[in-house]
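Each chain, written out:
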Amino acid sequence: MKPRIRLRGFLLQDAFSARSLARTQRRHATGSSSSPQPPRASPASRRWLRLTLVTVTAAGIGAYIKWMQDMKTASTTLNPGRFTSYQLVSREPVSSTGSLFTIKPPKSDGSNLKVYEDAWNTGVWSVMFKQPQLQIGRDYTPLPPTSANEDDECLRFFIRKDPFGEVSRYLHSLKIGARIEVRGPRIECEIPPDTDRILFIAGGTGIAPALQAGHTLLRRTDHIRKPTIHILWANRQRQDCAGGYNETTDTTAETRMSWLYGLFGSSKSVTRPAPAEVADTVEPSLIVREIEALKAQYPEQVTVQYFVDEESSFIGKKTILECTKTAVPSSPDKSKRNLIFVSGPEGFISYMAGPKLWAQGMELQGPLQGIIKELDLQDWAVWKL
């Protein structure tokens, strides 16, 4: 008898038996009652799951319905404490770098008219626009209303597209009809009731608060009192103030220094040539039309001088001194009836009157510096915007 051969610890006969048993088990594994089964949820658990799904679904539907109702009933009145939805109505180009934006609330119920009126009566004010993707905001100054839209709730803004400005680039990318979140009004500066003279030194889009100040001041005109405003408006290119011309014909050359040169400490000066006549064929820009409309409404109370960097004309000390000769003497209580505003890019403001300061999260006027301080204008109060 041949001995049994073991293979890896098994008898050869045992190996054949094991293989047969394994094949039999695999064939019947799916039908075997002894194989493990996944646990089945109890009826109570299934009822709890269904109840949870129904509750979550109902809550979502309820939240959506409430959101829709809130959208319908939400206040569209401009408010300084929260953002309000407005709608972009139009965007008209003023130049290659700036546009005139018009916005209005989605439903006009007249509630904004009083808000606007109170702000116009107070002084220079602004509205904050929100950039929703970055959750940042920037203040812009509304242009005064024209006779064509005094009864509606539209607001108009002159906004330049800054290649490094997140908010201005966002606004210029919007399509007509887009929703815009705004908050305000924010009073930048009150114009005292006894103000008689305003000299407004504006750089670029600083013309918007200049028109605001003129609108507020000149509305106080009556048969006895006729306040005046003189605007010095500086631009880098003629296209920004196309059609604007100086009424004065003084051709005396004056050596002046651009604020850009002064900002970087250069002593380079430029001689201003005699002002050239503006061709009749030049189409006035939208902002120049606004200025001309204000001048037509208040004749002999509004004067404007235009300065253009590319034409080598700059606002200098001599010009400011000439404009301040008409100052009304201060009253005995030392209140100033003559007010100088400076508005524009930070460098422009710093060159004219010194920089503004930030302290404890607030923007402060800072000490008076720049060329205005050098002029030592005793009867004039100065405010930087």
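About the cut-offs
Residues numbered from 1 in each chain as written. Predicted model: local features only at pLDDT ≥ 70, side-chain atom pairs only at ≥ 80, totals over all residues. Heavy atoms only, no water. Helix = DSSP H or I, 4+ residues; strand = E, 2+ residues; numbered from the N terminus. Buried < 20%, exposed > 50% of the residue type's maximum accessible area, 1.4 Å probe, protein only. Contact = heavy atoms within 4.5 Å. Salt bridge = Lys/Arg side-chain N within 4 Å of Asp/Glu carboxyl O. Pairing = 2+ DSSP bridges. Axes fitted to C-alpha atoms, helices over the stretch in contact; angles between N-to-C directions.

Caption draft 1: Structural context of the side chain of Lys295. Structurally, Lys295 is set in helix α7 (residues 286–297). Residue Lys295 is classed as buried on the basis of its relative accessible area of 10%. What Lys295 contacts, discounting residues up to four positions off in sequence, is Glu247, Val302 and Val304.

Caption draft 2: Structural view of the pattern of salt bridges. Within the structure shown, the criterion is met by 16 salt bridges. The closest approach of N and O atoms between Arg219 and Glu117, which form a salt bridge, is 2.5 Å. Taken as a pair, Arg219 in the loop between α5 (207–218) and β11 (228–235) and Glu117 in helix α3 (residues 111–122) lie far apart in primary sequence, 102 residues in all. Judged by its relative accessible area of 32%, Arg219 is partly exposed.

Caption draft 3: Representation of the sheet that holds strand β18 (residues 381–384) in the model. The five strands lie next to each other as β14-β11-β10-β15-β18, forming an open sheet whose pairing is parallel. The sheet is open, and its two edges are formed by β14 (302–308) and β18, each paired on a single side. The sheet shows a mean angle of 15° between the axes of neighbouring strands, direction not considered. Across the face of the sheet, α7 comes into contact with β11 and β14 while running at roughly 155° to β14. The sheet contacts of helix α9 (residues 346–353) involve β10 (197–203), β11, β15 (338–343) and β18, and relative to β15 the element is tilted by about 145°.

Caption draft 4: Quick look at unusual backbone geometry. Cis geometry marks the peptide bond from Gly184 to Pro185, where omega comes out at 0°. In this fold, Pro185 is placed in strand β9 (residues 179–190). You will see that Gln135, though not glycine, has its phi angle at about 55°, which is positive. Relative to the helices and strands, Gln135 resides in the loop between β5 (123–131) and β6 (136–140). For Asp376, which is not glycine, the phi dihedral falls at a positive 55°.

Caption draft 5: Up close: the sheet that holds strand β7 (residues 142–143). What the seven strands build is an open sheet, ordered β6-β5-β9-β3-β4-β8-β7; its pairing is antiparallel. What marks the edges here is a single partner per strand, and that holds for β6 and β7. Across two bridges, the pairing between β7 and strand β8 (residues 155–160) is antiparallel. Looking across to β8, one finds that Leu143 is bridged to Arg156. In the packing of helix α4 (residues 166–173) onto the sheet, the strands contacted are β3 (84–93), β4 (98–104), β5, β6, β8 and β9, and the crossing angle to β6 comes to about 80°.

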